[in-house]
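Breakdown of the fold
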Amino acid sequence: MAHGVGDTASEMDVGARRVVALATAVGNFTEWFDFAIYGFLAAILGRLFFPGASPAAALLASLAVFGVAFFMRPLGGLVVGAIGDRHGRRALLTLSIGMMGLSTTLIGVLPTYAAAGVAAPILLVLLRCVQGFSAGAEWTGSAAFLVEHTPVDRRGRYASVVSATAALATAFGGMLVLALELTLTSDQMLSWGWRIPFLVAVPLTLIGTWIRLRIDETPVFQRLVKAGAVTDAPVRRAGRDVKAIAITFAFSSVQGLGFYYLATYVISYLTATVKLPEARALPLVAIGLLVYAVLCPFAGALSDRVGRRRVNLIGGTGLAIVSVPAFALMGTGTPAGVVGGMVLFAVFQSMVSVTTVCMLVELFPAQTRSTSSAIGFNLGLALIGGPGPLIAAAIAAATGSSILPALYMVVVAALGTLALVRWLPETAGRALDATAAVPAGSAR
């Protein structure tokens, strides 16, 4: 599957592109499975690493540790993203999956508070920081790697692989946790069962790393190397992309918050606020995530047809409008209400998510694409998206309402979309070898 440095994405055969998509899917699935299983085990981890607190306080402490990882994402995006601009997209992705796999495996062998005292939660926080550092480059790195291999008229459809596999990994993680909880006793789950999902990272990481090492570097980066245009200072040169980074912060805040509401907060919401047993809640969440994964290719194809800007704005506006009704449906606790609420939310989230993947690539020049996109994306997740589950859980705990947690999503989606109406340019069809960022407000 070797390609010359002069090849373009459109010259690659369909089979080669599918192999690239598979490599991206497997690696991205591994990263997001590793990152997401913490959320599904938050209640158990709260009891094991933060004992002595009430169940609600332990859950909030565990979710706070979940959120801590997001504050490491900008640093990880900056450091590892720069590696992607200096040494190639494949090097970035191989490094990120290795760090994620190692940190996840180590969480699986950590001593609990009962065995190690205060050292246990400290080590948990440190390993979550490594996970956040790794994840800071994965989404944007996967976006660049996949889209730079893809023909201009199919970028949205291929980009949907990144969004869909993140959801599939989360659903798989949830069902694995459920299978363990149905198979093991409560004491077994607390004693050693909770470790199994983290240790699954070992084979997944080995497989993902092996596949990524077998894929060629992107045609875009190969042409940069051939032309001698690879920058030695991507972080300094990223200063030229300030407007595009600000735009990325806006759409990434909406996308990140929506995804973590759907993939992480909903399970805590259903069990802690709606009072559904976990054995009922997890399959319903998995169904909702599977529907979201199916919707992503359709959202991508729509953005190929009518443009990223229009689809993203429709998605953001929809999230501002339907979040409260969606949570009202989920708050009924019925299977139809929970799945219906998730699907209503997922229709618009898929539009925001897939266009985000495309725009992370299309907005930025080739020389600083990995670094600049990671800065904007991870600042949005660290400051707005990542704290979302904690903020929503705190609102629910303080008010006892099953609807009010949606208000944070409404506010973020409304403000972010209003900013994007003014500043978001059309990026579909842009040449990926361009040396300047798309100016704010430019037309297609």
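An unreviewed UniProt entry lists the protein chain under the name MFS transporter, from Pseudonocardia alaniniphila. As recorded by UniProt, the Subcellular location (unreviewed entry) comment attached to the protein chain reads in full: "Cell membrane". Its UniProt record gives the protein chain a comment under Sequence similarities (unreviewed entry), which states: "Belongs to the major facilitator superfamily. Metabolite:H+ Symporter (MHS) family (TC 2.A.1.6) family."

In this model, helix H6 (residues 119–147) (29 residues) spans 43 Å end to end at C-alpha, consistent with the 42 Å of a helix rising 1.5 Å per residue. In terms of burial, H6 is a largely internal element, 23 of the 29 residues being buried.

On the surface, Tyr 113, Val 118, Ile 122, Leu 123 and Leu 126 cluster together into a nonpolar patch covering about 450 Å² of accessible area. Broken down by element, the residue count for the nonpolar patch peaks at three residues, all from H6. Along the chain, the position of Val 118 falls in the loop between helix H5 (113–116) and H6.

The next point concerns the packing of aromatic side chains. Summed over all chains, the structure comprises 16 aromatic pairs. Note on Trp 32 and Phe 259: the rings are 6.3 Å apart at their centroids and 75° apart in plane angle, and the pair reads as edge-to-face. Separated by 227 residues along the polypeptide, Trp 32 in helix H1 (residues 14–40) and Phe 259 in helix H13 (residues 242–273) bring together distant segments of the chain. As far as the burial class goes, Trp 32 and Phe 259 line up, both buried. A centroid spacing of 6.4 Å and a plane angle of 50° characterise the contact between Phe 259 and Tyr 292, whose relative ring orientation is tilted. One end of the pair, Phe 259, is in helix H13; the other, Tyr 292, is in helix H14 (residues 278–306), with 33 residues separating them in the sequence.

Before going further, it helps to examine the side chain of Glu 138. As for its placement among the helices and strands, Glu 138 is situated in helix H6. Residue classification places Glu 138 among the buried residues on the basis of a relative accessible area of 0%. A polar side-chain atom of Glu 138 sits 2.7 Å from a polar atom in the side chain of Arg 212. If we skip the residues at most four places from it in the chain, Glu 138 touches Gly 27, Asn 28, Glu 31, Trp 32, Leu 93, Ser 96 and Arg 212.

Among the secondary structure elements, Thr 332 is positioned in the loop between helix H15 (308–330) and helix H16 (335–362). By relative accessible area, which is 48% here, Thr 332 ends up partly exposed. On a C-alpha basis, the gap between Thr 332 and Ala 36 in space is 25 Å, while along the polypeptide they are 296 residues apart.

Reading the values: rules and limits
Residues numbered from 1 in each chain as written. Predicted model: local features only at pLDDT ≥ 70, side-chain atom pairs only at ≥ 80, totals over all residues. Heavy atoms only, no water. UniProt positions renumbered as here; feature names shortened; annotations may be inferred. Helix = DSSP H or I, 4+ residues; strand = E, 2+ residues; numbered from the N terminus. Expected span 1.5 Å × (residues − 1). Buried < 20%, exposed > 50% of the residue type's maximum accessible area, 1.4 Å probe, protein only. Patch = residues over 30% accessible without salt bridge, like charges linked within 9 Å, V, L, I, M, F, W, Y side chains within 5 Å. Areas by Shrake-Rupley, 256 points an atom, 1.4 Å probe, with all protein chains shown as cover. Salt bridge = Lys/Arg side-chain N within 4 Å of Asp/Glu carboxyl O. Phe/Tyr/Trp six-rings, centres within 6.5 Å; stacked < 30°, edge-to-face > 60°. Polar contact = N/O pair within 3.5 Å; in protein donor to acceptor, adjacent residues only side chain to side chain. Contact = heavy atoms within 4.5 Å.

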